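Observations on the three-dimensional arrangement
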Amino acid sequence: MLKLKSKFDLQRDVVSDVSRTETSAGKADYWAGEDTCILNIERDGGVIYSWRGGTGTTRIGKYDPNTKQNKLLYTFDKQVCVSSCSLNKEETLLAVSLTQRTRGEEHLKPTSKCLTLLIEIHPINNTKVLKAVDCRVRVQFLHPDLDRSSVLESHLLLLAEDGYVDQYHVFLSRQEGYRVVMVNPERLSKLAERVAEDFSWVQWDAHTQRLYYLTHKDKPLLRCVQFFPSHNCETVLELPLEIPSNSFKAVRFVNLGFDHYNEETPEQELVRMEVFTNTIERSMCVCYSRPLRDNQDLTYTVVFVHKGCSKTFGVSLDSERSPQTSRHLHPLFIPVGYYILVYLSGYFLHCINTRQQEMLCHSLFLFGQDADLGLPDHSASITVLGADEESACALLDTGSGRIYSADLSATYLMQILCSDTPTDRPRPNPHLLPPFGPSNNIQTGCILHPTHRRSSGRSDLQRLAALHCLLVYMGNDPDLELQIIDWFCDNMMAFETFDQIQEFILASLYNISYEKSLCLDKVLPYSSVFDKKVPVGLLEVPGVSCITELHTDPVFRGKAKSLQGFWSELQWITERIKYLEAVPNLRYRASHAQVDWGIRMCVCRSERRLSSHLKRMEENTKKVLSMVDTWSLDKKLVPLFNEEDSQQMALIGLMVDKLREHLNRHLPRLGKKKIESLVVNYVAKLLELIRHMLESVWLKYKLGPRVLCLTQQGSSAEWAVFHFMCRILEATRGLCLPLPPGYHTLLAVLGVRCLPHQTFLQYIDHGLLQLTETFITRLMTDLDNSVANEKLKFSILKRLSKPMGQRIYQLWDHPVTSASISRDYVRTLLEKHSRNKGSAFTGRDKPGSFRSEFLPLTYLAKILSNVEEQALNPFEEQENVDAKFVEETALKQTLILLGCDNK
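Residues numbered from 1 in each chain as written. Predicted model: local features only at pLDDT ≥ 70, side-chain atom pairs only at ≥ 80, totals over all residues. Heavy atoms only, no water.

**Focus: the environment of D44**
Within the secondary structure layout, D44 lies in the loop between β2 (31–41) and β3 (47–53). For the pair D44 and H143, spaced 99 residues apart in sequence, the C-alpha separation works out to 8.6 Å. The residues touching D44, leaving out its near neighbours within four places in the chain, are K62 and P65. One polar contact links the side chain of D44 to the main-chain amide nitrogen of G46, over a distance of 3.0 Å. (Helix = DSSP H or I, 4+ residues; strand = E, 2+ residues; numbered from the N terminus. Contact = heavy atoms within 4.5 Å. Polar contact = N/O pair within 3.5 Å; in protein donor to acceptor, adjacent residues only side chain to side chain.)

Following this line, the structure appears as structure tokens:
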């Protein structure tokens, strides 16, 4: 599941390198390579380590990840146990915490459990004892600003197991041009500043320079202290937590020394807790777990501070495991981008989506062998060294001395999508009518026969979560997007619980828009499952329970001038969440806009005028299409955007208008200008996504210009493309989204080539295919007048509206269309004559006489002669029709009606 890349190997980068260096320098006696261990990882990535020398010494060194070089920092002339160590940015001071040994080694003086030293190392000068206490102490230099130039000032944190944190301000001076020494070292303790006290748990985040600690004065309260580049610190956040007051029997150090769990006995591990933040996402999550007890349910909680809620999960583990091996198990929490992985080796893996945490279907659950991360079996040996600005997380394996960068594996997620896919998939029968009738609406049905619904071993919940992770978390990879589209082509049957193409469209659009602004996950759709009754298969995971609760609002305590950046954004998000949670039907749904569209169109037709609203929508459409044109100058593979499609163009303008209105109402902080740009880009990206899917499938099946030829029968490849386009049509109609102009024409062309004529007509009658004027024009001109083609053309003409039919008649050179043109012309002419001169038919029709639509030649000629006498050019309004043509047509029709013509 994780893609691990080795960034540091203690044996390779330190032991081998230092041993080779010492040997080449003739100092092999000084190198024993024993008890080599990692002590700390500084903010710049430097690895501080120690080893036991061959002459009874203990040495401390640093590995620089940028230069790949090792540097000796300090040497103790006797063997000591270094429990914590930190180096200042200028590499002039070394803070060391030594732990007293009890197995025959020389005791530290003064005799105490822990001795904390501050050592001048550039060059080696004085050593100052900061603490000599009987509790563990962790040391950590502050690195608030990595870009600052060297200064003669350092700041050191001392975190004591007794439950307090002190900050030491160390001032330095430079002597003789290179000697850096402490100023008044005897006054360091007097200048110490108390940062926190009375806590039972503490975590240091080196990357963000934040200190989190848990205090239990009245009730469990999580506090965050932010250290600023000015070396000032301030408590910026307080968050109440529902944790038992006796959760920790000893103070827990997180990311300070890396042995915070190894030193404790299993009975003392009541709660494991960690805090993760993400500056890019403006998110904050507090994760804690309780150990497994006799009921075999492992419980862990994730507090989504940025979402205003918490979720408590209970997982039933394998009861066949030995009770002795399964008790007191704690999962490992790993932040990867905006996902938090909850991992218990050999049992389960839960990838929690911190953006889309409302439903379980957007988080991935894996069990058993599928949940293997490739990490050591004992998660206690893994320490998370998360980089706040990076998607990839850093993991330290203290057992092997390796540091890995860990990111989600796209290959593994694609395997989840493609696993258990049958190789011999049933092809839809083109002769079967799709299951749409009077009671089946196209927005909720499927264009496939019900027997063609596919089933697989993987649950739909896992597939949906993996698909969203690929599209949103890894959505900027074009190759990966092509693989997903290829998977669509190979799995055209819709799943029982969700539509793959709908999820592809919405998740891709969400990924694009979320990069521009936060909180859009609350007001824009990112999944189609919210628009329908959610199936049980997407709400439940076997063996997993979930309880959602609203947590107490965090209290932000930063001053106006200091509460900025991440904290100001987090404060705004938490405040906005309160409003967004209280608004019903908050997410935009195009189906609501289409209802409004229908009402407005009826009003406009009744008033017979083009309202300002419609004019504005026309302008919206022009903006969107002009933007698509600028993106697609080199994309002419699929014939889209080449015709006027009034229906789709109206829907495009409507979507821009309603989406703009929706965002202005719920997110006015963005500003009208930014919202305008966002919605135009959103709709343009929608059309571009559909074009991209078609171009991908076009290339996959190697289709060429012959696809547009109506005189040839379609191949199997064209049938596959036609079916894929039908799936896109179903998906967009289900979401009430517009299609690129020209889509319906292309789909109808493929339908004629691939479907039997009778089935093609049924697709039209059931609304799956739409007859565009461009398509009908090509049909009438390209197909010859064979019996089958004539029958098809007549069937098409019968299904056209009267205005469109009159325009199409002009294109087909056929006696029937000629007769229709003549009848329409004569009817119009006679109606004008009747209005001007009275009724043209004064006598009653005799029995057996023909209807007025089929006038006898003699009567018609008489009327036309009378009209010709009153006008020099009576046919000027119909320049393509003359009297000779009308007479010939009328004669022909008369002969047919009398039975005197074989035709």
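**Remarks on the confidence of the model for the protein chain**
Per-residue pLDDT for the protein chain averages 78, and the proportion of residues at 70 or more is 73%. Scored below 50 in pLDDT, residues 260–268 makes 22 contacts in the model with residues more than four places away or belonging to other chains. Confidence over residues 872–879 falls short of pLDDT 50; this stretch has eleven contacts with residues more than four positions distant or in other chains. (pLDDT = per-residue confidence, 0-100.)

**A look at the sheet that holds strand β23 (residues 309–316)**
The strands that make up a sheet are held in pairs by hydrogen bonds between backbone atoms, and each pair lies either parallel or antiparallel. Taking strand neighbours across the sheet as the criterion, the five strands line up as β20-β21-β22-β23-β31 in an open arrangement whose pairing is antiparallel. Both edges of this open sheet fall to β20 (272–278) and β31 (544–550), since each of them pairs with a single strand only. Within the sheet, the average angular offset between the axes of one strand and its neighbour, ignoring direction, is 15 degrees. Bridge count for strand β21 (residues 283–290) against strand β22 (residues 297–304) is six bridges, and the pairing is antiparallel. If you follow C285 over to β22, its bridge partner there is F304. (Pairing = 2+ DSSP bridges. Axes fitted to C-alpha atoms, helices over the stretch in contact; angles between N-to-C directions.)

**Brief notes about helix α14 (residues 743–754)**
Relative to the 16 Å expected for twelve residues at 1.5 Å per residue, α14 spans 16 Å between its end C-alpha atoms, a close match to the ideal helical length. Burial within α14 is extensive, with twelve of its twelve residues counted as buried. Among all positions of α14, only Y743, H744, T745, L746, L747, A748, V749, L750, G751, V752, R753 and C754 are buried. (Expected span 1.5 Å × (residues − 1). Buried < 20%, exposed > 50% of the residue type's maximum accessible area, 1.4 Å probe, protein only.)

**Things to note about the packing of helix α3 (residues 410–418) against helix α4 (residues 460–473)**
Each pair of packed helices can be summarised by the angle the axes make with each other and by the distance between the axes. The interhelical angle for the contact between α3 and α4, taken along N-to-C directions, is 145 degrees, at an axis separation of 9 Å. In the packing of α3 onto α4, the handedness of the crossing is left-handed. Only Q462, R463, A466, L467, C469 and L470 of α4 make contact with α3, whose side of the interface consists of A410, L413, M414, I416, L417 and C418. Of the residues in the contact of α3 with α4, the class split is ten nonpolar, one polar and one charged. (Left-handed = near helix turned anticlockwise from the far one by under 90°. Nonpolar A, V, L, I, M, F, W, Y, C, P; charged D, E, K, R; others polar.)

**Section: the pattern of salt bridges**
The tally for this structure, following the rule as stated, stands at 30 salt bridges. In this structure, K700 and D486 form a salt bridge, with 2.6 Å as the shortest nitrogen-oxygen distance. Of this pair, K700 sits in helix α12 (residues 672–700) while D486 sits in helix α5 (residues 478–490), placing them 214 residues apart in sequence. Exposure remark for K700: the relative accessible area of 32% places this residue in the partly exposed category. A salt bridge links D499 to R727, with the nearest nitrogen and oxygen atoms 3.2 Å apart. (Salt bridge = Lys/Arg side-chain N within 4 Å of Asp/Glu carboxyl O.)

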